[in-house]
Amino acid sequence: MLDLLPSLGHLNPRLAAFLMTALLLGAAVPLALGWTKILPPEREPFSGSDQPSPASPRDPFALFLLLNVSLSLVAAIPRIADALHLDSLLGLLPAPWAEHFTMVSLIWLVFVPAFAAAYSAVRANPVRVHLILGGILVLALWFLSPTLLGSLSS
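Residues numbered from 1 in each chain as written. Predicted model: local features only at pLDDT ≥ 70, side-chain atom pairs only at ≥ 80, totals over all residues. Heavy atoms only, no water.

What to know about the packing of helix α1 (residues 13–38) against helix α6 (residues 128–153)
The relative placement of two packed helices is expressed as an angle between their axes plus a distance between the axes. Convention followed: Throughout, an axis means a line fitted to C-alpha atoms (over the contacting stretch in the case of helices), and angles, computed between N-to-C directions, take values from 0 to 180 degrees. The way it works is that DSSP assigns letters per residue, a run of H or I at least four long becomes a helix, a run of E at least two long becomes a strand, and they are numbered from the N terminus. Orientation categories follow fixed angle ranges, with anything under 35 degrees roughly parallel, anything over 145 roughly antiparallel, 65 to 115 roughly perpendicular, and all other angles oblique. Here a crossing is called left-handed whenever its near helix is offset anticlockwise from the far helix by less than a right angle, and right-handed whenever the offset is clockwise. Classification used: nonpolar for Ala, Val, Leu, Ile, Met, Phe, Trp, Tyr, Cys and Pro, charged for Asp, Glu, Lys and Arg, polar for all others including Gly.
It is at 9 Å that the axes of α1 and α6 come closest, and there the two elements cross at 155°. Taken together, the axes of α1 and α6 lie roughly antiparallel to each other. As for the relative orientation of α1 and α6, their crossing is left-handed in sense. Grouping the amino acids of the contact of α1 with α6 by side-chain chemistry returns 20 nonpolar, six polar and one charged.

Some points on the confidence of the model for the protein
For the record, the criterion: Looking at any residue, its pLDDT shows the predictor's confidence there, from 0 to 100. Residue contacts are defined here by distance: any two heavy atoms, one from each residue, within 4.5 Å place the two residues in contact.
Overall, the predicted model of the protein reaches an average pLDDT of 85, with 87% of residues at or above 70. Low confidence marks residues 1–6, where pLDDT is under 50. Its contacts with residues over four positions away, or in another chain, come to one contact.

Quick notes on the nonpolar core
What counts, and what does not: Grouping buried Ala, Val, Leu, Ile, Met, Phe, Trp, Tyr and Cys residues that are joined through side-chain atoms within 4.5 Å yields what is termed a nonpolar core. For each residue, the accessible area found with a 1.4 Å probe, counting protein chains only, is set against the maximum for its type, and the residue is called buried under 20%, exposed over 50%, and partly exposed in between.
In this structure, Leu31, Val69, Leu73, Leu131, Val138, Leu141 and Leu148 are the most contacted members of the largest nonpolar core, which totals 23 residues. At the level of elements, α1, α2 (60–76), α5 (95–122) and α6 are the ones that each hand at least two residues to this core. Look past the residues within four positions of leucine 148 in its chain and what remains in contact with it is Leu11, Ala16, Leu19, Met20 and Leu23.

Focus on the packing of aromatic side chains
Note the cut-off: Each Phe, Tyr or Trp ring (for Trp, its six-membered ring) is paired with any other whose centre lies within 6.5 Å, and the angle between the two planes then decides the class: stacked below 30 degrees, edge-to-face above 60, tilted in between.
Inspection of the entire model under this criterion finds seven aromatic pairs. Taking 6.0 Å as the distance between ring centres and 25° as the angle between the ring planes, the aromatic pair formed by phenylalanine 61 and phenylalanine 64 counts as stacked. Of the two residues, phenylalanine 61 and phenylalanine 64 are both situated in helix α2; the distance of three residues between them amounts to about one turn of the helix. On the basis of relative accessibility, which here comes to 34%, the residue phenylalanine 61 falls in the partly exposed class. Residue phenylalanine 64 is classed as partly exposed on the basis of its relative accessible area of 38%. Aromatic side chains phenylalanine 61 and phenylalanine 115 sit 6.0 Å apart centroid to centroid with 80° between the ring planes, which places their arrangement in the edge-to-face category. Placement of the pair is phenylalanine 61 in helix α2 and phenylalanine 115 in helix α5, with a sequence separation of 54 residues.

Take a look at the structure:
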């Protein structure tokens, strides 16, 4: 039988680079649009100064999830922790605490996108679609980036 899809361990490096770029951009676009949706709307150009600007509905928990999914996306960018020298911050903590902090933060950064997508699928909020798409794509980025980066290094 003709093998049309190569195993994930042996992807062409060009295809792996394309997929990694597509995942990064695909996850960043809905989150950026979600942040723009949160900004207050402007007044109409010819409205009087006595008229207040229209209010937009806000969900504080959805804002919290959007912030955490955005942080998860930044943390999922390859080699970003090395560039920010986060290891020096962990050096300030005792060794067992640093290990536990690393494990808890990794679990949190992978759990939050899935929770944000599930929360937005069930409950309506102003950034519902953005959290669903961004959460699913950030979660896919977390799960597929080791394989894609492995294919790029070969």
